Amino acid sequence: MQRPPHEDFSLKETKPHLGGGRATGDKLTSTYDLVEQMQYLYVRVVKAKDLPAKDLTGSCDPYVEVKLGNYKGTTRHFEKKSNPEWLQIFAFSKDRIQASVLEATVKDKDMLKDDFMGRVLFDLNEVPKRVPPDSPLAAQWYRLEDRNGNKLKGELMLAVWWGTQADEVFPEAWHSDAATVSGADSLSSIRSKVYLSPKLWYLRVNVIEAQDLIPTDKTRFPDVFVKAILGNQALRTRSSMSKSINPMWNEDLMFVAAEPFEEPLILSVEDRVAPNKDEVLGRCAIPLQYVDRRLDHKPLHTKWYTIEKHVIITEGDKKKEVKFSSRIHMRICLEGGYHVLDESTHYSSDLRPTAKQLWKSSIGVLEVGILNAQGLSPMKTKDGRATTDAYCVAKYGQKWIRTRTIIDSPAPKWNEQYTWEVFDPCTVITVGVFDNCHLHGGDKAGGARDSRIGKVRIRLSTLETDRVYTHSYPLLVLHPSGVKKMGEIHLAVRFTCSSLLNMMNMYSQPLLPKMHYVNPLTVSQLDSLRHQATQIVSMRLSRAEPPLRKEVVEYMLDVGSHMWSMRRSKANFFRIMAVFGGLIAVGKWFDQICNWKNPITTVLIHILFLILVLYPELILPTIFLYLFLIGVWYYRWRPRHPPHMDTRLSCADNAHPDELDEEFDTFPTSRPADIVRMRYDRLRSIAGRIQTVVGDLATQGERLQSLLSWRDPRATALFVIFCLVAAVVLYVTPFQVVALLTGFYVLRHPRFRYKLPSVPLNFFRRLPARTDCML
């Protein structure tokens, strides 16, 4: 397979005309200052009056056709109405205008041929311009004319003006580039929209005990367990160790619930009467609206719930329903102190707890201008030719945005700008590009799926504040045949900080909410709950109008990213080797010192060694001073661009076809032999865990490297300043005092220890790693 040159996968800095001017570091005053201005001719068709009758009933079926060159838009028609009211808006892109006259024609709907009722003409040179925040242009009455310019009976109310995408009517307008799309559903699916993720809660069900159970078979001790069902989530406790009618468990079951709470929690107490047969001893339904909510780890009061069992008893020829009631002792609460993880932990865009009472104030604003794309690969065939109907989806926090779909263009121009509040700089925004496969009746069979074109991830902590980043990002997708560039997307990004002090303070705070450390969840629990959370989010967003489809949401949330991959495992191994490469280089350098490869350097090291031995109090100040100088020295080579997916780091540019075949294989494997399938699945499962551990180790090492690399400019600045202060403080403080204080602090009594991580550990966990560059 012929691979494209490596530089095709690189990030390219651009200089677009944003907000009508050049991109600079200064914040512009325009609302749409991160996108290029796009001129549109807007036509608002309001209503008509006194239209002439065209049939024997004395009425007409009017509609308006707005035509500009080859582009034509029509309003809906009204039956038998002489004074219709449409209130529809049409937008024609100035880049595609091929005429100098706008024509608005009123026609009468007819079975055979629509009748001409009159028209209004506008010279484009006479159309006024409107710039928000100016008030909307007032519509006016225009007398209808025939084709010869003679006045006719009837008037049409219109407003025509030149504007940009900043106009408030832009999102709901009919656009000329969508002239080939028909149907209200198709038109709604190509417009830009903002979606909100449902508010997710962890539901904790602490099953304590049950009383007065009535098993059918009273000759044996019941083998009782509790099954809990919430939506499509089902969990069960272990079987009770006390074989009696009053069993005890004291076991926690964790679920993910989403507001609004539509489904109750269904609890059933069951008896295992046979290996594959369970008998229900009682069942109850608990609406989540009435469940207690807690914000910390303090236990709530327990409650007794009634579980009922309905039995039909036959007495002679009569049937009678008998209801037995037992009780179950539980503690049920909605956990507001956790953050419900629905994204990959490496690419989280939100780390706030569920309960709003625990939220802290925002530290800044993230603005993203989605400008355009270039060279998109054709994704489908329409009318015998390859085409692409592209749109973008961006996800940060609970807010999802979807741009409008640009029809039939390999180089779409969106020029849409969106804003998010930022509560933590150590978060990632994800922008994906997709092909809309639900136009032109493409989803009549119900099996159409929007094709993925590629995505971009940007970590906010790697951005300098108040700087406008304008780059063209390659859209890379891994196929069974290898990595492929599907095009490029052009973005403008700006991170504005509202309080530098608050943002610097965030580096000392725990990454996750307090409850994750005080009452932590297990790794297996988090994996299961994350899977349930992604399913709930994708289901809820697919029910919006227009829907944000399941395949789009799962691709944006990196569902399935933890599956075994030989390519990804090799990439993580090479990342570890690159981290250890620095230590190996130091070892080689020290070996050269010992072997007098460079006599002058060796003599200097001897002198330094003698000074540090004679004056041990200089050891730590010297180390921190050297780190400070190295950090300042590396400032010259600090990264100027945001990190992006690296095909070489991901081992995607030279992956073996057999490795890719294994990576794209189904799970469980589709191999025919049962034994091979069993061993293969086991190997992939174990290797997937090893892969995750190796990746985490590499992340820790890369965070150490990022201390002085200026990848996160604020974190490096904090560390460099700390090194300078530490060097000065340690210089004036006797070494023995420092050693004693350090030893006593490390060996301090548990009473003086905190359950939350220390400030240095919090700072370290917030440092960026090269996980953002992994494909």
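Conventions and cut-offs
- Residues numbered from 1 in each chain as written.
- Predicted model: local features only at pLDDT ≥ 70, side-chain atom pairs only at ≥ 80, totals over all residues.
- Heavy atoms only, no water.
- UniProt positions renumbered as here; feature names shortened; annotations may be inferred.
- Pairing = 2+ DSSP bridges.
- Helix = DSSP H or I, 4+ residues; strand = E, 2+ residues; numbered from the N terminus.
- Buried < 20%, exposed > 50% of the residue type's maximum accessible area, 1.4 Å probe, protein only.
- Expected span 1.5 Å × (residues − 1).
- Contact = heavy atoms within 4.5 Å.
- Salt bridge = Lys/Arg side-chain N within 4 Å of Asp/Glu carboxyl O.
- Axes fitted to C-alpha atoms, helices over the stretch in contact; angles between N-to-C directions.
- Phe/Tyr/Trp six-rings, centres within 6.5 Å; stacked < 30°, edge-to-face > 60°.
- Lys NZ or Arg CZ within 6 Å of the ring centre and 35° of its normal.
- Parallel < 35°, antiparallel > 145°, perpendicular 65-115°, else oblique.
- Left-handed = near helix turned anticlockwise from the far one by under 90°.
- Nonpolar A, V, L, I, M, F, W, Y, C, P; charged D, E, K, R; others polar.
- pLDDT = per-residue confidence, 0-100.
- Core = buried A, V, L, I, M, F, W, Y, C linked by side-chain atoms within 4.5 Å.
- Patch = residues over 30% accessible without salt bridge, like charges linked within 9 Å, V, L, I, M, F, W, Y side chains within 5 Å.
- Areas by Shrake-Rupley, 256 points an atom, 1.4 Å probe, with all protein chains shown as cover.

- The protein goes by FT-interacting protein 1 in an unreviewed UniProt entry, where it is assigned to Heracleum sosnowskyi.
- Recorded in UniProt under Sequence similarities (unreviewed entry), the annotation for the protein is "Belongs to the MCTP family."
- Under the Subcellular location (unreviewed entry) heading, UniProt states for the protein: "Membrane".

### A closer look at the sheet that holds strand β31 (residues 468-479)
By definition, the strands of a sheet pair up through backbone hydrogen bonds, in either a parallel or an antiparallel sense.
Item 1. One open sheet accounts for five strands, arranged β1-β31-β32-β23-β28; its pairing is antiparallel. Among the strands making up the open sheet, the edge pair consists of β1 (12-13) and β28 (413-422).
Item 2. One ladder, built from 11 bridges, connects β31 with strand β32 (residues 482-497); its direction is antiparallel. Each bridged residue has a counterpart across the sheet, and for L478 the counterpart in β32 is V483.

### Here's the deal with the UniProt feature "transmembrane region" (unreviewed entry) in the protein
Item 1. UniProt feature "transmembrane region" (unreviewed entry): in the numbering of this structure it lies at residues 573-590, 602-635 and 717-747.
Item 2. As annotated, residues 602-635 comprises 85% helix and 0% strand, and the C-alpha atoms at either end are separated by 28 Å.

### Some points on the pairing of strand β5 (residues 62-68)
Item 1. Extensive coverage of β5 is indicated by the burial of six of its seven residues.
Item 2. The pairing of β5 with strand β8 (residues 101-108) spans six bridges and is antiparallel. For P62, the partnering residue across the bridge sits in β8 and is D108.
Item 3. Here β5 pairs with strand β6 (residues 71-74) via four bridges, running antiparallel. When the bridges of β6 are listed, E65 appears paired with T74.
Item 4. Hairpin connection between β5 and β6: a loop of two residues separates the two successive antiparallel strands, and G69 in this loop has a positive phi of roughly 65°.

### Describing helix α8 (residues 619-634)
Item 1. Compared with an ideal rise of 1.5 Å per residue, which puts 16 residues at 22 Å, α8 spans 23 Å between its outermost C-alpha atoms and is within 8% of the ideal.
Item 2. For α8, the elements touching its buried residues are α7 (599-614) and α11 (713-732).

### Comments concerning the pattern of salt bridges
Item 1. Scanning all chains against the criterion turns up 37 salt bridges.
Item 2. Residue R130 pairs with E168 through a salt bridge whose shortest N-O separation is 2.9 Å. Residue R130 is found in the loop between β9 (115-123) and β10 (140-145), and its partner E168 is found in the loop between β11 (151-164) and β12 (174-175); the two are separated by 38 residues along the sequence.
Item 3. The buried category is assigned to R130, whose relative accessible area is 7%.
Item 4. Across the pair D389 and K380 runs a salt bridge, and its minimum N-O distance is 3.1 Å.
Item 5. Overall, D389 belongs to the buried group, its relative accessible area being 0%.
Item 6. The exposure class of K380 is partly exposed, given its relative accessible area of 22%.
Item 7. When salt bridges that share partners are traced, they join R204, D252, R294 and E335 into one network.

### Here we look at the sheet that holds strand β13 (residues 193-196)
Item 1. Read across the open sheet, the five strands follow the order β13-β27-β26-β29-β30; overall the sheet is antiparallel. The strands lining the two open edges of the sheet, one partner per strand, are β13 and β30 (451-459). The sheet shows a mean angle of 20° between the axes of neighbouring strands, taken without regard to direction.
Item 2. Pairing of β13 with strand β27 (residues 399-402) involves four bridges; the strand directions are antiparallel. Paired with V194 across the bridge in β27 is I401.

### Some remarks on the environment of T647
Item 1. You can see T647 is positioned in the loop between α8 and α9 (657-663).
Item 2. In this structure T647 comes out as buried when scored by relative accessible area, which is 1%.

### Things to note about the packing of aromatic side chains
Item 1. Summed over all chains, the structure comprises 16 aromatic pairs.
Item 2. Geometrically, the ring pair formed by Y507 and F763 is tilted, given 6.0 Å between the ring centres and 50° between the ring planes. Of this pair, Y507 sits in the loop between α2 (500-506) and α3 (515-518) while F763 sits in helix α13 (residues 759-765), and the two are 256 residues apart along the sequence.
Item 3. A relative accessible area of 1% places Y507 in the buried class.
Item 4. Put simply, the rings of Y40, Y42, W161 and F170 touch in pairs and so form one group of aromatic residues.
Item 5. Across from the ring centre of W359, 4.1 Å away, lies the NZ or CZ of R352, which sits over that ring.

### Quick notes on the packing of α8 against α11
Item 1. Across the interface, α8 lies against α11 with an axial gap of 8 Å and an inter-helix angle of 155°. Taken together, the axis directions place α8 and α11 in an arrangement best described as roughly antiparallel. For the crossing formed where α8 meets α11, the hand is left-handed. Between α8 and α11, the contacting residues are L620, P621, F624, L625, L627, F628, G631 and V632 on the first element and F719, V720, F722, C723, L724, A726, A727, L730 and Y731 on the second.
Item 2. Split by residue class, the contact of α8 with α11 holds 16 nonpolar, one polar and no charged.

### So, unusual backbone geometry
Item 1. P260 follows E259 through a cis peptide bond whose omega is -10°.
Item 2. In this fold, P260 is placed in the loop between β17 (248-258) and β18 (265-274).
Item 3. Omega for the bond connecting E545 with P546 falls within 30 degrees of zero, at 0°, which places this linkage in the cis form.
Item 4. Note that P546 resides in the loop between α4 (523-542) and α5 (550-556).
Item 5. Within the chain, L87 stands out as a residue other than glycine whose phi angle is a positive 55°.
Item 6. Considering the arrangement of structural elements, one finds L87 in strand β7 (residues 85-93).
Item 7. For D408, which is not a glycine, the phi torsion comes out positive at approximately 50°.

### Side note on the environment of P353
Item 1. Summarising the element assignment, P353 is placed in the loop between β22 (318-335) and β23 (364-374).
Item 2. Taking relative accessible area as the criterion, P353 reaches 12% and is therefore assigned buried.
Item 3. When the C-alpha atoms of P353 and L200 are compared, they prove to be 9.8 Å apart, with 153 residues separating the residues in sequence.
Item 4. Setting aside its immediate chain neighbours within four residues, P353 contacts G336, G337, Y338, H339, L358, W359 and P513.

### Observations concerning the side chain of S409
Item 1. Here S409 lies in the loop between β27 and β28.
Item 2. Looking at S409, the relative accessible area reads 10%, which means it is buried.

### Focus on the confidence of the model for the protein
Item 1. Put simply, the protein has an average pLDDT of 85, and 91% of its residues get 70 or more.
Item 2. Across residues 1-5 the pLDDT falls below 50, and counting only partners more than four positions away or on other chains, this stretch makes six contacts in the model.
Item 3. Scored below 50 in pLDDT, residues 21-29 makes 16 contacts in the model with residues more than four places away or belonging to other chains.

### Side note on the nonpolar core
Item 1. The biggest cluster of nonpolar side chains holds 62 residues, and the ones touching the most others in it are Y202, L366, W400, W420, I489 and L491.
Item 2. Counting residues in hydrophobic clusters, the runner-up holds 29 residues, among them W201, L213, F261 and I332.

### So, a nonpolar patch on the surface
Item 1. Taken together, the side chains of L625, Y626, L629, I630, W633, Y634, W637, L724 and V728 make up a nonpolar region of the molecular surface, amounting to roughly 910 Å² of accessible area.
Item 2. Secondary structure elements with two or more residues in the nonpolar patch: α8 and α11.
Item 3. Per element, the largest residue contribution to the nonpolar patch is six residues, and it comes from α8.
Item 4. Looking at where L625 falls in the secondary structure, it is placed in helix α8.
Item 5. For L625, a relative accessible area of 37% corresponds to the partly exposed category.

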